[in-house]
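# Architecture and fold: a report
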Amino acid sequence: MNARTEPHLSALSPAAALTALREASPLVQCITNAVVTNFTANALLAVGAAPAMCDIPGEAGLFAGVADGVLVNLGTPTAEQRDAAREAVRHTSRWVLDPVAVGVLPVRTALAAELIDHRPTIIRGNASEILALAGAGAGGRGVDATDGTDAAAGAARSLALRTGGVVAVSGPVDLVTDGERVVRIHGGDALLTRVTGGGCSLGAVMAALLGVCAPLEAAVAASALYAVASDRAAARSEGPGSFALAFLDALDAVAAAPADLDARVADALAAR
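To keep things clear, this report deals only with the structure shown in the data block. Not measured: the values here are computed from a predicted model. Residue numbers run consecutively from 1 along every chain, following the written order of its sequence. The model is predicted, so local features are restricted to residues of pLDDT at least 70 and side-chain atom pairs to those at 80 or more, both for listing and for counting; the totals for chains, interfaces and linings are taken over all residues. Side-chain measures here rest on the full set of heavy atoms in the structure, leaving out hydrogens and waters.

Time to look at the overall build of the chain. Of the regular secondary structure elements, the chain holds 11 helices and 8 strands. Residue contacts follow a heavy-atom distance rule, with two residues in contact if any of their heavy atoms lie within 4.5 Å. Look at the contacts in the chain between residues 6 or more apart in sequence, and 72% of them connect residues 24 or more apart. Here a strand is any run of E in DSSP of at least two residues, a helix any run of H or I of at least four, and the numbering for each starts at the N terminus.

Strand order in the open sheet made by the 8 strands is 2-1-3-4-5-6-7-8, with mixed pairing throughout. The sheet is open, and its two borders are formed by strand 2 (50-52) and strand 8 (182-186), each paired with just one other strand. Neighbour-to-neighbour, the strand axes of this sheet turn through a mean angle of 20 degrees, independent of strand direction. Examined bridge by bridge, strand 1 (residues 27-31) and strand 3 (residues 69-73) share 4 bridges and lie parallel to one another. Looking across to strand 3, one finds that valine 28 is bridged to glycine 69. Where helix 4 (residues 79-89) meets the sheet, it contacts strand 1, strand 3 and strand 4 (95-98), and its direction lies at approximately 140 degrees from that of strand 1. Against the sheet, helix 8 (residues 198-209) engages strand 1, strand 3, strand 4, strand 5 (122-126) and strand 6 (166-170), with an angle of about 155 degrees to strand 3. At least two DSSP bridges between two strands are needed for those strands to be called paired. Working convention: axes come from line fits to C-alpha atoms, limited for helices to the stretch in contact. Angles between N-to-C directions cover 0 to 180 degrees.

Among the structural elements, alanine 227 can be located in helix 9 (residues 215-235). For the exposure calls, accessible area comes from a 1.4 Å probe over protein chains only, and a residue counts as buried if that area is under 20% of its type's maximum, exposed if over 50%, partly exposed in between. Given the relative accessible area of 5%, alanine 227 is considered buried. Separated by 39 residues in sequence, alanine 227 and glycine 188 have C-alpha atoms that sit 3.7 Å apart. Other than its neighbours up to four places away in sequence, alanine 227 contacts Ile185, His186, Gly187, Gly188 and Arg264.

Turning to the nonpolar core, a few remarks are in order. Within this scheme, the nonpolar core is defined by two criteria: the residues are buried Ala, Val, Leu, Ile, Met, Phe, Trp, Tyr or Cys, and they are joined through side-chain atoms within 4.5 Å. Grouped together as the largest cluster of nonpolar side chains are 58 residues, with contacts concentrated most on Leu209, Leu225, Tyr226, Phe247 and Leu251. Per element, the largest residue contribution to this core is 14 residues, and it comes from helix 9. Not counting residues within four places of it along the chain, the set of residues in contact with leucine 209 comprises Ala17, Leu18, Leu21, Ala218, Ala221 and Ala222. Counting 34 residues, the second-largest nonpolar core is a separate cluster that includes Ile31, Ala60, Val89 and Leu133.

Note on aromatic pairs: the rings of Phe, Tyr and Trp (six-membered ring only in Trp) are paired at centre separations within 6.5 Å, and the planes decide the class, stacked below 30 degrees, edge-to-face beyond 60, tilted for the rest. All chains considered together, the criterion is met by 3 aromatic pairs. A ring pair is formed by tyrosine 226 and phenylalanine 247, whose centres lie 5.0 Å apart and whose planes are at 75 degrees; its orientation type is edge-to-face. Taken as a pair, tyrosine 226 in helix 9 and phenylalanine 247 in helix 10 (residues 240-256) lie far apart in primary sequence, 21 residues in all. The pair formed by tyrosine 226 and phenylalanine 247 is uniform in burial state, with each residue classed as buried. Note on phenylalanine 243 and phenylalanine 247: the rings are 5.7 Å apart at their centroids and 20 degrees apart in plane angle, and the pair reads as stacked.

Turning our attention to the pattern of salt bridges. What counts as a salt bridge is simple: a side-chain nitrogen of Lys or Arg found within 4 Å of a carboxyl oxygen of Asp or Glu. All told, the structure shown has 8 salt bridges when counted by the stated rule. One salt bridge connects glutamate 114 with arginine 86, and the closest N-O pair in it is separated by 2.8 Å. With glutamate 114 in helix 5 (residues 106-115) and arginine 86 in helix 4, this residue pair connects regions lying 28 residues apart in the sequence. Classification of glutamate 114 as partly exposed rests on a relative accessible area of 33%. Classification of arginine 86 by relative accessible area gives partly exposed; the value is 24%. Residue arginine 162 is joined to aspartate 117 by a salt bridge in which the shortest nitrogen-to-oxygen separation is 3.9 Å. Highlighted residues: arginine 162 in helix 7 (residues 153-163) and aspartate 117 in the loop between helix 5 and strand 5, separated in sequence by 45 residues.

The following block contains the structure:
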């Protein structure tokens, strides 16, 4: 476990959480897949965090001990990355597990089952991944979900209670739960699913927010940010290519002036 003294992290609204992130510029370690490294780093820079793609055994644990948040993404779990992930989660209490394509492929499924015993602070995945991780499904179609968000609600609550953390299920309507409280966040444009790194970078932003606020608030704030930013980006895009650039610009703009986020989450809380 991390020997550092953990700061007291109070519950913050999404707007306050992003303001705190901009002020603190948290250091985020990403053990993530090779397909999304650049996009994830750029997304973290856009919201005001400091990314570090430190995924080498012998360094990963050391870096996790000083990082404000850690992302472990299982998208391309090479042998070296698997060892780095095992090392990192032993040296931090603020980390996000993104169980990409678990249930479908055996190596990452076994690794996810091993890592979950180290109690991830947040688990972020699509509905099929969350069902598979909870032992209630066989996974989706590769990295794509074949189940709806509500179908994974029970599995998400079960995982949250088992780990003592938060589970965030991404989909047309995001669901975030700590096993007791449940928040559903509407919105977000479908173009976000047509660019590489949309979901993976969301997990990284959740890890960044773990440096400044409590886990449920971190997951909710990040989900609301992605919903608002993707809506704005889609409004001025012609397709996936222009959307990817516009989305990074929108992340920067929303994170710098995040007042819209509180209304988005307030509506979600009123409707749950």
